Amino acid sequence: MGSEREENPLQPPWLNAPPVEEYPFEESHDLRVGPKLHPALDGLLPYVGLWRGRGKGGFPTIEDFDYAQEIRISHDGRPFLHYESRAWILDEQSKPVRPAGREVGWWRPVLVDGRATDELEALLTTPTGVMELHVGKRTGTQVEFATDAVIRTATAKEVTGGQRLFGIVEGALLYAQEMAAMGHGLTPHLSARLVRVGG
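Here the structure is a predicted model, which is why all the values come from computation and not from measurement. (Residues numbered from 1 in each chain as written. Predicted model: local features only at pLDDT ≥ 70, side-chain atom pairs only at ≥ 80, totals over all residues. Heavy atoms only, no water.)

Student: Describe the nonpolar core, with residues and values.
Tutor: Soluble globular proteins: nonpolar side chains tend toward being buried together. If you look at the biggest cluster of nonpolar residues, it comprises 27 residues, and the most contacted ones within it are Y47, W107 and F166. Contacts of W107, omitting those with residues within four sequence positions, involve L44, Y47, I73, F80, L81, Y83, E121, A122, V143, F145 and F166. (Core = buried A, V, L, I, M, F, W, Y, C linked by side-chain atoms within 4.5 Å. Buried < 20%, exposed > 50% of the residue type's maximum accessible area, 1.4 Å probe, protein only. Contact = heavy atoms within 4.5 Å.)

What follows is the structure in structure tokens.
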């Protein structure tokens, strides 16, 4: 009689393997702990951290709004940064009203012969069905991105492009975002100031 696998060729060899432990590699937004920052990220080092603050938003198709936001920029020792943002709407008394925009993605320096240039790529995805590919450049502690491509699901709102400007100013993370959507060209959409709360 042959082996069990010969009797059932559809049974993969890992089916009865022992359980896997938790992910064994550390990711950190704190440069004092965890893996060493990849040398290609040295120019983006000021962005690594946990940031929290508030901003103002608007667009021709919606009313202006106040929001709070938390951004975590972390690394795992490889030549890219993990970017995660979540925001929530605030009322006139700065009390939370409801969850707002979320996005996750990656910032990647463009490498030439293994060395980082000042050019950057960013991939960002939202739970509303929009994926954006950004290309940009770092100048000192300023990062500027513009969309190279936007991919949307069939049910997503019509977003066709955008620009984002980030900067570290007096220790705070400031940014402004313009968006082209719903028949409108590039229009100011979000701006915020966040302070470092971790890292």
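Student: Could you give an account of the sheet that holds strand β10 (residues 184–198), with specific residues and numbers?
Tutor: Taken in spatial order, the 10 strands of this closed barrel run β1-β2-β3-β4-β5-β6-β7-β8-β9-β10, and their pairing is antiparallel. Taken over all neighbouring pairs, the strand axes of this sheet differ in orientation by 25° on average, direction set aside. (Pairing = 2+ DSSP bridges. Helix = DSSP H or I, 4+ residues; strand = E, 2+ residues; numbered from the N terminus. Axes fitted to C-alpha atoms, helices over the stretch in contact; angles between N-to-C directions.)

Student: Residues and numbers for the environment of G199, please.
Tutor: The residue G199 is located in the segment after β10 in this model. Along the primary structure G199 and R32 are separated by 167 residues, whereas in three dimensions their C-alpha atoms are 7.5 Å apart. Sequence-distant contacts of G199, defined by excluding residues within four places in its chain, comprise H29, D30, R32 and G49.

Student: Account for the environment of V20, naming residues and giving values.
Tutor: Relative to the helices and strands, V20 is located in the loop between α1 (4–7) and β1 (49–59). Assessed through its relative accessible area of 78%, V20 is described here as exposed. Here the alpha-carbon distance between V20 and R72, two residues 52 residues apart in the chain, equals 27 Å.

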